[in-house]
Structure formats: structure tokens, C-alpha cells
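As a plain string of letters, each chain reads:
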Amino acid sequence: MRCPTGALQFERKDDGPAEPIPAENIILIEANGPLYVRGKVELTDMDGGVLHQDTRVALCRCGASKIKPFCDNTHLQINFQAEAGVTDNREETVDLKPVGPIKFVLAPNGPYRLQGNFEIRSADGRAIFRGNKTALCRCGSSQNKPFCDGTHKSIGFLAE
Ligand code: FES
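Report on the accompanying structure. (Residues numbered from 1 in each chain as written. Predicted model: local features only at pLDDT ≥ 70, side-chain atom pairs only at ≥ 80, totals over all residues. Heavy atoms only, no water.)

## Let's talk about the overall build of the chain
Okay, so step 1: Scanning the chain for helices and strands turns up two helices and six strands.
Okay, so step 2: Rg of the C-alpha trace for the chain: 15 Å, near the compact-globule value of 15 Å for 160 residues, within the 12% margin.
Okay, so step 3: For the chain, the C-alpha atoms occupy an extent of roughly 50 × 35 × 35 Å along the three principal directions.
Okay, so step 4: The proportion of buried residues among the 160 residues of the chain is 44%.
Okay, so step 5: Expressed as a percentage of contacts within the chain between residues at least 6 apart in sequence, the contacts between residues at least 24 apart total 54%. (Helix = DSSP H or I, 4+ residues; strand = E, 2+ residues; numbered from the N terminus. Rg over C-alpha atoms; globule rule 2.2 N^0.38 Å. Buried < 20%, exposed > 50% of the residue type's maximum accessible area, 1.4 Å probe, protein only. Contact = heavy atoms within 4.5 Å.)

Set out below in C-alpha cells:
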């Protein structure tokens, strides 16, 4: 359960309790690295088809992973540079508790479109944004990370 990327999973064979679903949906921004997501997470396509369900997952935000949308550490090879906070003074949009299911809709060649209550935290654990709808960059080139600013179109970002 301490595996940060969710790559290591387990199934109890002794009827012990399964891994609990985190009480809150938290997106932790790793400086120069991925988005670590905790919660009742669902990755879907644009039609709502469920591609993956998890309680912890590391999602690529450098745009170069070979196993998108998951992080494969390619950010280290390409020397991806991105702060762990927000680059604008965006205010929290909603005063809410980050509970319930959260969907990451994978826009083809575009961002993660989030649906559901969530909190974004910088790497030091500070809450920097709460909301129930936004688009997070996954091409690596937004000038307003972690949010999408439309740059994926001008750079010809490709991701299914
Ligand atoms: S996905 Fe990076 S700017 Fe939109």
C-alpha cells in the first residue's frame, strides 16, 4: 500500500481486509515528475468506457511515457522540468470535501479531464487547489502547469 505508483498491488489470500479506498481524492504534484493520485480513481475514455480503476496511481505529465497514461520514469531521461506547485494564482473554485469517485477522462491527444471532487497538493503536502472539474496537462508543455492551457494542440501531442 506504500507503493507510490500503484505498480505493486496485492490480493489477500487469508480473507483479510482488502486495501481500503482512501477517504479523500488527492492529487500530489511531484516536482519534475508525475501526478500521484490517491482516491477512488477511474480512468475512462471520452465515451465513459472504464479503462482502469485504482486507489493509487502515478500518471504521466511529461508527455513522454511509453505506457501512457501511466508514468514509466521517462521524465528522468528527458530531464522534464516542472514545479510542484501551480504557476498561476488560480483560486479554489469550490469549497468542498474531496470525497467520492473521481474520473480522469483521457482526452485523445489532450489533457486529463477531471470529474469529481478533488484536492491538488504540492509536493510538500500543501493544498493548492480544490475543485470538481478541471483539465490537467499530460503533454508536458503547458505554460500553466499543472493545468492544461491548450499547448498540446500547437505541439502536436499524440496520446490515445
Ligand atoms: S495537455 Fe498539455 S497543454 Fe493541454
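## Here's the deal with empty space enclosed by the protein
Over the atoms rolls a probe the size of a water molecule, and in doing so it shows where empty space is left.
Okay, so step 1: According to the stated counting rule, one finds two cavities of 30 Å³ or more in the structure shown.
Okay, so step 2: Considered as a void within the structure, the largest cavity measures approximately 40 Å³ in volume.
Okay, so step 3: As for the largest cavity, its lining consists of G33, P34, C60, R61, C62, S65, C71, D72, N73, T74 and H75.
Okay, so step 4: Empty space within the second largest cavity amounts to approximately 30 Å³.
Okay, so step 5: The wall of the second largest cavity is formed by G110, P111, C137, R138, C139, C148, H152 and F157. (1 Å grid on protein atoms, 1.4 Å probe; cavity = no way out; pocket = protein on both sides within 12 Å on 5 of 7 lines; lining within 4 Å. Points joined across faces, edges and corners; volume = space filled by probe spheres on them.)

## Quick word on the pairing of strand 3 (residues 50-59)
Okay, so step 1: One ladder, built from eight bridges, connects strand 2 (residues 35-44) with strand 3; its direction is antiparallel. Directly across from L35, in strand 3, lies its bridge partner L59.
Okay, so step 2: Joining the antiparallel neighbours strand 2 and strand 3 is a turn of five residues, in which G48 adopts a positive phi near 90°. (Pairing = 2+ DSSP bridges.)

## A word on the nonpolar core
Soluble globular proteins tend to bury their nonpolar side chains together.
Okay, so step 1: In this structure, I27, F104, Y112 and I120 are the most contacted members of the largest nonpolar core, which totals 23 residues.
Okay, so step 2: Beyond its immediate stretch of four places on either side in the chain, I27 contacts L35, Y36, V37, I102, F104, L114, F118, E119, I120, R121 and L136. (Core = buried A, V, L, I, M, F, W, Y, C linked by side-chain atoms within 4.5 Å.)

## Concerning the environment of Y112
Okay, so step 1: Within the element layout of this structure, Y112 appears in strand 5 (residues 112-121).
Okay, so step 2: A residue is classified by how much of its surface remains accessible, and Y112, at 0% relative accessible area, is buried.
Okay, so step 3: Y112 sits 35 residues away from F147 along the chain, and the two C-alpha atoms are 9.2 Å apart.
Okay, so step 4: The contact partners of Y112, leaving out residues within four places of it in the chain, are L35, L59, C60, P69, F104, V105, L106, T134, A135, L136, C137 and R138.
Okay, so step 5: Within polar-contact distance, the side chain of Y112 engages the backbone oxygen of C60 at 2.6 Å.
Okay, so step 6: One polar contact links the side chain of Y112 to the main-chain carbonyl oxygen of P69, over a distance of 3.3 Å. (Polar contact = N/O pair within 3.5 Å; in protein donor to acceptor, adjacent residues only side chain to side chain.)

## Observations regarding the layout of surface pockets
Okay, so step 1: By volume, the largest pocket is sized at about 160 Å³.
Okay, so step 2: Taken together, I21, G39, K40, V41, E42, Q53, D54, T55, P101, I102, K103 and Q115 make up the full set of residues lining the largest pocket.
Okay, so step 3: Taken together, the elements giving at least two residues each to the lining of the largest pocket come down to strand 2, strand 3 and strand 4 (101-106).
Okay, so step 4: The biggest single contributor to the lining of the largest pocket is strand 2, with four residues.
Okay, so step 5: Along the lines of polarity and charge, the residues of the lining of the largest pocket split into four nonpolar, four polar and four charged. (Nonpolar A, V, L, I, M, F, W, Y, C, P; charged D, E, K, R; others polar.)

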